[in-house]
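Coordinates in review
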Amino acid sequence: MFNSSKQIARACKLNSYIFVSSNTFREFPKPCIDTGDCLKNEKKLDTDDSHDKEDSPFEVVRTAVSNKDLPSMPSMTFRTHVLGIFFVGLISFVNQFYWERDNPIALNLLIVQLLCYPMGVAMAWALPKRTWNLFGYKWTMNPGEFTVKEHVLISLMSNASAFMALTVDVFAVLRLYYSPEFPLWAALLLLLSGQLFAYALAGLSRTLLVLPAPMIWPSSLINASLFRTFHERQEAGITGITRTRFLLSTVSVLCLVAPNNHLANMMGDGKRGLGMLAFSLDWSSPIATPFWAACNLFIGFVLVFWVALPIAYFKDLWGSATLPLYSINVFNTNGTEYNISRVMRNGVFDAQAYSEYSPLRMALEFSWVYGIGFAALMSILVHIVLYNGKEIVARVRESKTKHDDIHGKLMMSYPPVKAWWYLVLLVASCALGIAVGMGAQIGVPWWGYMLSFAIAIVLVVPVGIIQAISNRQPGLSLVAELLSGVVLQGIPTGYSILKLYGHGSLAQALSYAQDMKLAHYMKIPPRHVLIYQVVGIVISVTIQTCLFFWLIDRIPNMCLPGGYPWVCRSTNLVYSASIIWNLIGPVKVFGEGSPYSPLLWGFLFGIVLPIPVYLLQRKFPSQTWLKHIYIPVILSGIVGLPPMPPVDFPMWFLFGFVFNFVIRRYWHSWWQKYNFTLSAGLDSGLALSGILQFLALAQNKITLDWWGNRIDNQCPLSSKPWLAPGTN
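Residues numbered from 1 in each chain as written. Predicted model: local features only at pLDDT ≥ 70, side-chain atom pairs only at ≥ 80, totals over all residues. Heavy atoms only, no water.

Further remarks concern the overall build of the protein chain. Summing up its helical and strand segments, the protein chain has 31 helices and 8 strands in all. Looking at the protein chain as a whole, 57% of its 728 residues qualify as buried. Carbon together with sulfur atoms contributes 64% to the accessible area of the protein chain, which is approximately 30,100 Å² in total. (Helix = DSSP H or I, 4+ residues; strand = E, 2+ residues; numbered from the N terminus. Buried < 20%, exposed > 50% of the residue type's maximum accessible area, 1.4 Å probe, protein only. Areas by Shrake-Rupley, 256 points an atom, 1.4 Å probe, with all protein chains shown as cover.)

Glancing now at the nonpolar core. Phe182, Met362, Tyr370 and Ile580 are the most contacted members of the largest nonpolar core, which has 172 residues in total. Among the elements that line this core, the one with the most residues is helix 21 (residues 494-521), at 14 residues. Those residues in contact with Ile580, other than ones at most four positions away along the chain, are Val330, Leu360, Met362, Phe366, Tyr370, Gly585, Pro586, Val589 and Phe590. (Core = buried A, V, L, I, M, F, W, Y, C linked by side-chain atoms within 4.5 Å. Contact = heavy atoms within 4.5 Å.)

Further remarks concern the packing of aromatic side chains. With the rule as written, the count across this model stands at 35 aromatic pairs. Here the aromatic rings of Phe548 and Phe549 are separated by 6.3 Å at their centres, their planes lie at 80°, and the arrangement is edge-to-face. Across this residue pair, the class does not change: Phe548 and Phe549 are buried. Ring pairs connect the aromatic residues Phe298, Phe301, Phe305, Trp306, Tyr326, Phe649 and Phe653, which therefore count as one cluster. (Phe/Tyr/Trp six-rings, centres within 6.5 Å; stacked < 30°, edge-to-face > 60°.)

Under the defined criterion, the tally for this structure stands at 4 salt bridges. Taking the shortest distance from any N to any O, the salt bridge between Asp69 and Lys149 comes out at 2.8 Å. Note that Asp69 is positioned in the loop between helix 4 (59-62) and helix 5 (78-99) and Lys149 in helix 7 (residues 148-159), a separation of 80 residues in sequence. A residue is classified by how much of its surface remains accessible, and Asp69, at 16% relative accessible area, is buried. The class of Lys149 is buried, set by a relative accessible area of 1%. Note that Arg175 is salt-bridged to Asp553, the shortest N-O span being 3.3 Å. Residue Arg175 is found in helix 8 (residues 165-178), and its partner Asp553 is found in helix 22 (residues 526-554); the two are separated by 378 residues along the sequence. For Asp553, a relative accessible area of 58% puts it in the exposed group. (Salt bridge = Lys/Arg side-chain N within 4 Å of Asp/Glu carboxyl O.)

A few words on the side chain of Glu481. For Glu481, the position within the fold is in helix 20 (residues 476-487). Judged by relative accessible area, Glu481 falls into the buried class, the value being 6%.

With that settled, consider the environment of Trp625. Within the fold, Trp625 resides in helix 27 (residues 624-627). A relative accessible area of 55% means that Trp625 is categorised as exposed. When the C-alpha atoms of Trp625 and Trp292 are compared, they prove to be 8.9 Å apart, with 333 residues separating the residues in sequence. At 3.1 Å, the side chain of Trp625 and the side chain of Gln623 are in polar contact. (Polar contact = N/O pair within 3.5 Å; in protein donor to acceptor, adjacent residues only side chain to side chain.)

It is worth spelling out unusual backbone geometry at this point. The phi angle at Asp316 is positive, at roughly 60°, despite the residue not being glycine. Along the chain, Asp316 falls in the loop between helix 14 (291-314) and strand 5 (330-331). Note on Asp316: relative accessible area 22%, which makes it partly exposed. Even without a glycine there, the phi angle at Trp318 is positive, about 55°. Of note, Trp318 is situated in the loop between helix 14 and strand 5. Under the relative-accessibility criterion, Trp318 is labelled partly exposed at 26%.

Relative to strand 2 (residues 137-140), strand 1 (residues 131-134) is paired through 4 bridges, and the arrangement is antiparallel. Bridge assignment links Asn133 to a residue of strand 2, and that residue is Lys138. Adjacent in sequence and paired antiparallel, strand 1 and strand 2 are bridged by 2 residues, among which Phe135 carries a positive phi angle near 55°. (Pairing = 2+ DSSP bridges.)

Turning our eyes to something else, we now look at the packing of helix 7 against helix 11 (residues 218-231). Packing of helix 7 against helix 11 leaves a shortest axis separation of 10 Å and a crossing angle of 140°. Viewed along their axes, helix 7 and helix 11 adopt a mutual orientation that is oblique. Every pair of crossing elements has a handedness; the one defined by helix 7 and helix 11 is right-handed. From helix 7, Val148, His151, Val152 and Ser155 reach across to helix 11, where they touch Phe227, Phe230 and His231. Considered class by class, the residues forming the contact of helix 7 with helix 11 number 4 nonpolar, 3 polar and no charged. (Axes fitted to C-alpha atoms, helices over the stretch in contact; angles between N-to-C directions. Parallel < 35°, antiparallel > 145°, perpendicular 65-115°, else oblique. Left-handed = near helix turned anticlockwise from the far one by under 90°. Nonpolar A, V, L, I, M, F, W, Y, C, P; charged D, E, K, R; others polar.)

What follows deals with the environment of Gly494. With respect to the helices and strands, the residue Gly494 is situated in helix 21. Since its relative accessible area comes to 0%, Gly494 is described here as buried. In the structure, Gly494 is positioned 49 residues away from Pro445 in sequence and 8.8 Å away in space, judged by C-alpha atoms.

Let us now look at a nonpolar patch on the surface. A surface patch of nonpolar side chains, about 580 Å² in accessible area, is lined by Val253, Val257, Leu277, Phe279, Leu654, Phe657 and Val658. Of all elements in the fold, only helix 12 (253-257) and helix 29 (648-666) reach the threshold of two or more residues within the nonpolar patch. Mapping Val253 onto the fold places it in helix 12. Under the relative-accessibility criterion, Val253 is labelled partly exposed at 32%. (Patch = residues over 30% accessible without salt bridge, like charges linked within 9 Å, V, L, I, M, F, W, Y side chains within 5 Å.)

Below is the structure:
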């Protein structure tokens, strides 16, 4: 599959190089990526390398992207149609299917890159090369070798569905908790509106975010280098990808030793406790994370989760010991789950009913996540200013004059997508969203939709510039949540609309812009990209929305305590967030008089924390370990708890230590050749095995009942509060 261990090593290490510094890249060979006629000219091209050639003005791009193109290379072919639709369907189904399970996984662009290549090569070998004439239009199933442009186009089409499950959550909450009769057609059309709005937004922003050479989008360089690795012309074989599955969920040593000890249960439960001495074989792609990043994540986890949190909890900070230690639910002052019907009248918040019922309470860990989230948001902004500020300013200035680097000039061979096409799509998607939302009587006024559109439109360029240059995205979710809580307080369904357009569409627009940059680097005709990505969006929205509604109707107690493994961590988190931010509102939850008001200091801490680290790194530049301390990474990892289970962090560190430190240091050749492929293969194997288990076992009411799968059997007391409600 890969042509040499050195090439795949460079592709693997590119990720960590990008994140640490744009100055640490090694030279990457720049072979001809063309097929067919290009192969005949290899010697000539090699000879020409001695001459000066025009290339990207940025070394980081020169190391990963070829400065050559062959406009006659096939891109939109019968193979791309078949494989593109297949992978869109596969990614959409697998990601949505697993999203609501106890151990969610997500197949992404990398998986498609790895799996698509051998299938494309096989089709090039097996399909007939006959040319067909259909009403004067000539076409063939097999134009020859499987080309890099076909490979890229298939991957971009499938990537349109990679992160859809997040936006499906907002309508899952409506269907499950606020409006059980919420219709499938409304969710389908609203999600389609949100995704097309995001794509149009990315397209309209392309002159600022995609075409300028200084807008690098470092993550796309990883994919570009891997595409080149596949299609370089040396002796290569197709290597099979291992498939595997794990039936064992989590093992808690403390709970096995002391199953009836309340403290041991809370400390040792890997799903609903602190995860001390807990181990899991639920695969979550840990070896794809660079070891330095795993260290930062683990440091933050230990300091907050294993040190500060238990001290505060067992000292009953804010009355937290009368609530579970780890929970994504919200409670009243009696410790029972918050009953939203007690504080609502006609679907909106009732202040009088709220005062008669109860203030909102959260598990201590859940409340801390918001405070740390405030700090993480500010630390990312400060970190970008300190480490990338001058670079961002310089590249924004350069973007006015450096549209036409070599890649931009090569792309002039292809007809562009007209700006008015994107504008029509933007207006149509906005109109569709308002019409469907008002028709389905979600409860959000028309100006609420306009506000959500405005958030995305205003933020897409500045946030996109930051991400395109620094490879870091500020916390967009908190921005949308804060605004929705202030403007639409008392309307819980308003959270769904602001989350869909103000956060989901904005994040998706940046993902589409990154894909457009990858297509730009790989010289894919822009109109081909438009067609394939829009078709991919329509297919993925249809599959994921229909699948989720089908799962709700087919699975008893889905998203409820008795519905394991369909625990819907992300959906329940969105539900709790809708109560916190929109039903009750941030003023009451975090304002004066609330026990959670100190969490607002997180904004200040986030501003301050990166500064001493930055100063120490400048004062002691020879200290290698100091260079790898990243405050945003330390803080941002904790924000994932919940819905992530705590056991994931020590497991990430353990696997990262074994594969990305020990094996990389002592068996470097093995690590170079297999580490990256192993991670992708295990992801794919897990997805396949889970689907087969569901179809073969769950659908036939066959269960595998043993101690390793009984989550309540090992730590039965972990969800029980340390103190009884009302205890002083």
